[in-house]
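Letter by letter, the chains look like this.
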Amino acid sequence: MFAQWFQGEDRSYVSKHQIELLKHTVSMGILCSMSEFDKSGFCPCGSGKKYDDCCGAIISGLKKAETAEELMRSRYSAYVVHEIDYIVKTCTSDEQNAIDVEETRKWSEESDWQGLKIIRTEKGGANDKEGVVEFSATYSRKGLRDIHLERALFKKVNGEWLYDRGELVPTTVVRQGAKIGRNDPCPCGSGKKYKHCCGR
């Protein structure tokens, strides 16, 4: 889902903007720990719809994502329910070649997914060929908790929306563990070393 994942210096605070984003996430009832997620319940993307009527139908192939935002939401939900093949399939070919599937699967399964918020969109409609979705996603893994902000770019290829690449929106983070080493696997789940991914 996230081509890049912001990993800055250790910080002991978050911005007011991040706090408001998290409050919104909690108030919408979309905190989604995998241990509690029930596919018969509401979709983890925060749409307010049932999973099977929302991202579940797209992930399973029963329907296509009609907009870039729908694809963004479905890719987030795919991480929550560990549908990594869907993550790979919905990337452009260049992104697919950069993915380490097993590392991405491990990252998905070890993470506690805590909410998605769509901040804004540009184009990405049913009649467009390109689109942008700026979003925030909150997750924690092994003592690391981040609110990730990304400007994701999408392309329509052969009538289907695909994730093309992402541009990070710099922000502060809360760290609950040790600083990541440059030669450690990047926690964004790309399968690359931190220094070759988010640590660049």
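All figures in this text were calculated on a predicted structure; none of them were measured in a lab.

S.K.: I'm lost on the pattern of salt bridges in this one. Help?
M.R.: Once the charged atoms of two side chains with opposite charge are near each other, the side chains can pair. Within the structure shown, the criterion is met by twelve salt bridges. The closest approach of N and O atoms between aspartate 85 and arginine 105, which form a salt bridge, is 3.9 Å. Here aspartate 85, found in helix H4 (residues 84-89), pairs with arginine 105, found in helix H6 (residues 101-110); they are 20 residues apart in sequence, far enough to count as distant. When its relative accessible area of 24% is taken as the criterion, arginine 105 is described as partly exposed. For the salt bridge of arginine 141 with glutamate 110, the shortest nitrogen-to-oxygen distance reads 2.7 Å. Taken together, the positions of arginine 141 in strand S2 (residues 130-141) and glutamate 110 in helix H6 put the pair 31 residues apart, joining distant regions of the chain. Relative accessible area serves as the criterion here: at 13%, arginine 141 is assigned to the buried category.

S.K.: Help me understand the side chain of glutamate 150, please; the structure alone is not making it clear to me.
M.R.: Mapped onto the secondary structure, glutamate 150 falls in strand S3 (residues 144-157). This buried residue, glutamate 150, is left without a salt bridge; arginine 75 holds the nearest opposite charge, at 7.6 Å.

S.K.: Before we go on, may I ask you to explain unusual backbone geometry in this structure?
M.R.: Negative phi is the rule for most residues except glycine; trans is the rule for most peptide bonds. Notably, histidine 82 is not glycine yet its phi reads approximately 65°, a positive angle. Within the secondary structure, histidine 82 sits in the loop between helix H3 (68-80) and H4. Positive phi is not limited to glycine here, since lysine 142 has a value of about 50°. If you trace the backbone, lysine 142 turns up in the loop between S2 and S3. The exposure class of lysine 142 is exposed, given its relative accessible area of 65%.

S.K.: What is the right way to read H3 from this model?
M.R.: Residues spaced three or four apart along an α-helix point in a common direction, a consequence of the helix completing one turn every 3.6 residues. Over its 13 residues, H3 runs 19 Å from end to end, which matches the ideal 18 Å to within 8%, given 1.5 Å per residue. Most of H3 sits inside the fold, with eleven of its 13 residues counted as buried. Listed as buried for H3 are Ala68, Leu71, Met72, Arg73, Ser74, Arg75, Tyr76, Ser77, Ala78, Tyr79 and Val80. One or two residues past the end of H3 sits histidine 82, with phi positive at roughly 65°.

S.K.: Please clarify how the packing of aromatic side chains should be interpreted in this entry.
M.R.: All told, the structure shown has seven aromatic pairs when counted by the stated rule. Ring centres of tryptophan 107 and tyrosine 139 lie 5.7 Å apart, and the angle between their planes is 75°; on these two criteria the pair is classed as edge-to-face. Linking tryptophan 107 in helix H6 with tyrosine 139 in strand S2, this pair joins segments that are 32 residues apart in sequence. Ring plane angle 75° and centroid distance 5.7 Å describe the contact between phenylalanine 154 and tyrosine 163, whose orientation is recorded as edge-to-face. Within the aromatic cluster, the residues linked to one another by ring pairs are Tyr76, Tyr79, Trp107, Trp113 and Tyr139.

Rules used in this analysis
Residues numbered from 1 in each chain as written. Predicted model: local features only at pLDDT ≥ 70, side-chain atom pairs only at ≥ 80, totals over all residues. Heavy atoms only, no water. Salt bridge = Lys/Arg side-chain N within 4 Å of Asp/Glu carboxyl O. Helix = DSSP H or I, 4+ residues; strand = E, 2+ residues; numbered from the N terminus. Buried < 20%, exposed > 50% of the residue type's maximum accessible area, 1.4 Å probe, protein only. Lys, Arg positive; Asp, Glu negative; His and termini not counted. Expected span 1.5 Å × (residues − 1). Phe/Tyr/Trp six-rings, centres within 6.5 Å; stacked < 30°, edge-to-face > 60°.

Keep in mind these values describe shape, not function.
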